Amino acid sequence: MTDTSLDRGAESLVKPDLSAARIRKRHRAEFRFKAYGLFAIAVAVAFLTLFLGTIIVRGIPGFFQTYVLLDVDIAPEVADPSGAGTPDSVRRGNYSVLLRDALLQDFPDASGRTERRDLANILSPIARFNLQDEVVADPSLVGQQVQEWFLMSDDADRFFKGITTADMPADQRRLTDQQVAWLQALEAEGKVETRFDWNFFTVGNSAEPEAAGMGAAIVGSLLTMMVMLILCVPVGVLAAIYLEEFAPKNKITDIIEININNLAAVPSIVFGLLGLAVFLSFFGLPRSAPLVGGIVLALMTLPTIIITTRAALKAVPPSIREGAVALGASKLQSVTHHVLPLALPGILTGTIIGLAQALGETAPLLLIGMFAFVQEAPNGILDTATVIPVQIYSWADQAERAYEAKTSAAIMVLLFFLISMNAVAVLLRRRFERRW
Amino acid sequence: MSRDMNKAENGEAAASAMAALDSLTKAGKDSDIEMKMTARDTNVYYGSAHALKHVDLDIPARQVMSLIGPSGCGKSTFLRCLNRMNDVIDGCRVDGDMRLDGEDIYDPKLDVVQLRARVGMVFQKPNPFPKSVFDNIAYGPRIHGIARNSSMLEEVVTTSLQRAGLWDEVKDRLHEPGTGLSGGQQQRLCIARAIAVSPEVILMDEPCSALDPIATAKIEELMDELRKNFTIVIVTHSMQQAARVSQRTAFFHLGSLVETAETDEIFTNPKDERTQGYITGRYG
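Treat the numbers as computed from the prediction; the structure is a model and nothing was measured. (Residues numbered from 1 in each chain as written. Chains lettered and ligands numbered in written order. Predicted model: local features only at pLDDT ≥ 70, side-chain atom pairs only at ≥ 80, totals over all residues.)

So, the overall build of chain A
So, step 1. Tallying secondary structure elements over chain A gives 19 helices and 3 strands in all.
So, step 2. In summary, chain A has a C-alpha radius of gyration of 33 Å against a globular reference of 22 Å for 436 residues, an excess of more than 25%.
So, step 3. Taken over the C-alpha atoms alone, chain A extends approximately 120 × 65 × 40 Å along its principal axes.
So, step 4. Of all 436 residues assigned to chain A, the portion counted as buried reaches 35%.
So, step 5. Put simply, of all contacts in chain A between residues at least 6 apart along the chain, 77% involve residues at least 24 apart. (Helix = DSSP H or I, 4+ residues; strand = E, 2+ residues; numbered from the N terminus. Rg over C-alpha atoms; globule rule 2.2 N^0.38 Å. Buried ≥ 20, exposed ≤ 12 C-beta atoms within 10 Å, placed from the backbone. Contact = placed C-beta atoms within 7 Å.)

Re the overall build of chain B
So, step 1. Across its full length, chain B carries 11 helices and 10 strands.
So, step 2. Among the 284 residues that make up chain B, the fraction classed as buried is 44%.
So, step 3. Partitioning the intrachain contacts of chain B with sequence separation of at least 6 by distance along the chain shows that 68% fall at a separation of at least 24.

Some words on the interface of chain B and chain A
So, step 1. Listed as interface residues are 20 residues of chain B and, on the opposing side, 15 residues of chain A.
So, step 2. Elements with a contribution of two residues or more to the side of chain B that touches chain A: helix H3 (112-118), strand E6 (119-122) and helix H4 (133-143) of chain B.
So, step 3. Of the residues assigned to the side of chain B that touches chain A, the class counts are 11 nonpolar, 5 polar and 4 charged. (Nonpolar A, V, L, I, M, F, W, Y, C, P; charged D, E, K, R; others polar.)

What about the sheet that holds strand E7 (residues 201-205) of chain B?
Think of a sheet as strands paired side by side through backbone hydrogen bonds, with each pair either parallel or antiparallel.
All names here are of chain B.
So, step 1. Across the sheet, 6 strands lie side by side as E6-E7-E8-E3-E9-E10; this open sheet has mixed pairing. Only two strands of the sheet have a single neighbouring strand rather than two, namely E6 and strand E10 (256-262). In this sheet, adjacent strand axes meet at a mean angle of 20 degrees when their direction is disregarded.
So, step 2. In the packing of helix H7 (residues 183-195) onto the sheet, contacts are made with E6 and E7, and the angle to E6 comes to roughly 170 degrees. (Pairing = 2+ DSSP bridges. Axes fitted to C-alpha atoms, helices over the stretch in contact; angles between N-to-C directions.)

Considering the sheet that holds strand E1 (residues 64-73) of chain A
Residue and element names in this part refer to chain A.
So, step 1. Here 3 strands make up an open sheet; going across it, the order is E2-E1-E3 and the pairing antiparallel. The sheet terminates laterally at strand E2 (145-151) and strand E3 (192-196), the two strands that pair on one side only. Along the sheet, successive strands turn relative to each other by an average axial angle of 35 degrees, direction set aside.
So, step 2. Alignment of E1 against E2, held across 7 bridges, turns out to be antiparallel. For Val68, the partnering residue across the bridge sits in E2 and is Phe150.

Brief notes about the nonpolar core
So, step 1. Core analysis: the largest hydrophobic core is formed by 75 residues, its most contacted members being Ala192, Ile202, Leu203, Ile232 and Val233 of chain B.
So, step 2. When residues of this core are assigned to their parent elements, the largest contribution, 6 residues, is made by H7 of chain B.
So, step 3. Ala240, Ala289, Leu299 and Ile388 of chain A belong to the second largest nonpolar core, which has 58 residues in total. (Core = buried A, V, L, I, M, F, W, Y, C linked by C-beta atoms within 7 Å.)

A word on H4 of chain B
Residue and element names in this part refer to chain B.
So, step 1. Inspection of H4 places Val133, Asn136, Ile137, Ala138, Tyr139, Gly140 and Pro141 among the buried residues, and these make up the whole buried set.
So, step 2. Lining the buried residues of H4 we find helix H5 (150-163), helix H6 (167-170) and H7.
So, step 3. Among the residues trailing H4, Gly145 stands out with phi positive, at a value near 65 degrees.

Okay, structure coming up:
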């Protein structure tokens, strides 16, 4: 019985089909597969280019601001009505009148209230504060003539950046024909300059887009990240070391592990609700403070740090632990002397990736009130603060068109931070990666 | 005798005591040889699997003893009982009476760290720490406070490397990573690392299975040299190696100790049919 079936098996043994048609078919399948892959990559690259290109094209003007050169006659009767010559008395001067008069010197033909107001509007409302600050700092300027660069309004700025042009119909631009003529005249005289705006990185938010910066948001982000790191790195790393190296493997640790993984998948806004309910309502911590933001982000990032740290510890081969233990090292010694130093690059990479994730987080921070108009950089972790992504969100919501460039510029700054952090993570991994 | 003794097991314990008495003659028949370690009625369970069954074995001092047997026969498991490396495996349970110089090594009062300082181990795959050659050797002396200052430490490192026959090859690269050495050098580095703690017993778990014949020959030479000062227990798959390096051999099969005797005797005149079958290559 068995013999016959074996014989039949030998007889019916089929030779492999090595025909050219079959091989061509296989080659075609491989080629098709490669083509699908290339297509997918091309689509991804195209989207990425479109995305980055749009942001860069829109954002670059946001880093520049236009200034106009004016000869301002600091008339004593306007700048220092009481004549005392002290910082306090010059603070009460009417500096918008001084600036308007300076403009009227250049364009004496502007007549009537409307036209004169239009002329004054080519300057930023912030310009008079800049002049005021200067005179307050040095009251001896009263009675003198100064030649200086003043910030222009967002509409004038957009004109010189070529976003609005003279050819556009007057009702589609926010500048009157008369204003356009003035701006062109100023430009012809070489009194207009568009410069890189360093203030963008140092000053806080402003109601005027030409004067708005993200300095306060950068400081707020730094403080929030600091609180987050101090809280979640020690807790996360210690939890991971205990779970991976010391904890017995039983039902309880299984449940803990599953829940850590679940926690990593919880939408971030839920952590914001938790922060609102627990830290603000129950513990009464201040709203909009980097302290609360940091705590909420630390809770959100904790699972990421625990999971990456455990993975880094797992990647250390058990033979290293055995080698140490066989020499008479205690469990703790084998971990601190051997496993931890080897896992450190992985732990650092995980921490940086968690940090980058938290840096870009918006939703939970909106809920704890970090969606605030912050003009001054926070001085401490209890001050009112905002962070970069929330700043981006609030600018994106503004009506003034000039905020569009600011929004994209702020996105570029955020992306710069994120990309450099990820680059550091990659470098660390490359530098310290070990192979066994 | 049995570690988890209770009333219900009394009968069994008495029986095993009889067996132990009986095996005293079997396991350590040359009464003039000093026995370094003794095992009586040793059982190991991985979860519910009974991996090592009632093993009685004596390990003579300053000799090489080899443990042979087919894969999965429990010889490595037995070896790892001798310095309690099985403790770190989840679900592994050991019972029986195991002594080092008459001292119960499974005594709850005994610090396992102290035991492992006295009973060193070398693994199948060389596992140097990813540190310098010097730090690899110096690690054990450092954690056990053997060297009080740096010149003493250098002394320990130098002698350990010399005794492991590695000194001439690495004396100019003491501060290069130990992982950069060749496989055979790495294994001798691991032996030097074990020696540096001045153990009394060195356990070797198939130390040559990842090495080429030349490196193997060097390790075998080294073992012969080391047995002047240390007691060595080696697990090996190579019967030629067992015959070359060891004075006594124990044959394990399916978790039981089948036979132990002088190496010459085992290979020329095995008492048990299973031993005969294994050494003549009928199975394994």
